[in-house]
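Residue strings, one per chain:
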Amino acid sequence: MTEPSDDLPTVRHGPPSVNISDLPAPPESETDRLVAEISGPGDQVGMAALWRVTMGLNYWWFIAVGDPGEESPAAAEIDEQLMLLTFTDSERARHFAVQQGMIEPQDHLSAIALRPDEVVESADDYVAGGIDGLMFDPHLSGYFIPSTQLPVVHQAVQSPDPG
């Protein structure tokens, strides 16, 4: 499912149901490293490297919420903007869900895996549905992209690297 619904459920951040210190964090990823290396908003080289890797992932992962067969990606209001909670791998989605008390550590995570190009193709639908953007690995590196910029960034990073 790539189209948002009008009644997209919203995940509200609350206290975790497990002691976070007992929950091992996923190993550092290349995206975490790239986010940490970005020197500021003007670091076009760093941003391009981050989005090239992010757009090059096989899948983006979303925590599925809603009734079976009618699941939607979980979203949260962050800085007064509705963001899809997006994860760079399934382990990170599961870690977030446990950390936020959405599931218990022994529970199965219901998740949606979409290819980045599938999400990019749905950018207009996300905008129309009130989804302001995608927040990647919000509990770890927490980088985002506005829905309106998905096609622009996707096209830019698909171009040959000039460097």
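Only a predicted model underlies this, so the values are computations on that prediction, with no experimental measurement involved.

What counts and how
- Residues numbered from 1 in each chain as written.
- Predicted model: local features only at pLDDT ≥ 70, side-chain atom pairs only at ≥ 80, totals over all residues.
- Heavy atoms only, no water.
- Helix = DSSP H or I, 4+ residues; strand = E, 2+ residues; numbered from the N terminus.
- Expected span 1.5 Å × (residues − 1).
- Buried < 20%, exposed > 50% of the residue type's maximum accessible area, 1.4 Å probe, protein only.
- Arc of directions from axis to C-beta.
- Contact = heavy atoms within 4.5 Å.
- Core = buried A, V, L, I, M, F, W, Y, C linked by side-chain atoms within 4.5 Å.

### As for helix H2 (residues 44-55)
Right, on to step 1. Here H2 spans 16 Å end to end across twelve residues, near enough to the 16 Å set by a 1.5 Å rise per residue.
Right, on to step 2. Among the residues making up H2, those that are buried are Gly46, Leu50, Trp51, Thr54 and Met55. Projection of H2 onto a plane perpendicular to its axis shows the buried side chains occupying an angular sector of 155°, all on one side.
Right, on to step 3. Contacts made by the buried residues of H2 are with helix H1 (30-37), strand E1 (60-65), helix H4 (116-121), strand E6 (133-136), strand E7 (143-146) and helix H6 (150-158).

### Observations regarding unusual backbone geometry
Right, on to step 1. In this structure, Glu80 takes a positive phi of about 65° despite not being glycine.
Right, on to step 2. Mapped onto the elements, Glu80 comes out in the loop between strand E3 (75-78) and strand E4 (81-87).
Right, on to step 3. Notably, Asp137 is not glycine yet its phi reads approximately 40°, a positive angle.
Right, on to step 4. Along the chain, Asp137 turns up in the loop between E6 and E7.

### A look at the nonpolar core
Soluble globular proteins tend to bury their nonpolar side chains together.
Right, on to step 1. With 23 residues, the main nonpolar core has Trp51, Met55, Leu134 and Leu150 as its most contacted residues.
Right, on to step 2. If you list the elements that add at least two residues to this core, you get H2, E1, strand E5 (111-114), H4, helix H5 (123-128), E6, E7 and H6.
Right, on to step 3. Apart from residues no more than four positions distant in its own chain, Leu134 is found in contact with Trp60, Phe62, Met83, Leu84, Thr86, Val119, Tyr143, Phe144, Ile145, Ser147 and Leu150.
Right, on to step 4. Core analysis: the second largest hydrophobic core is formed by 16 residues, Leu23, Ala76, Ile103 and Met135 among them.

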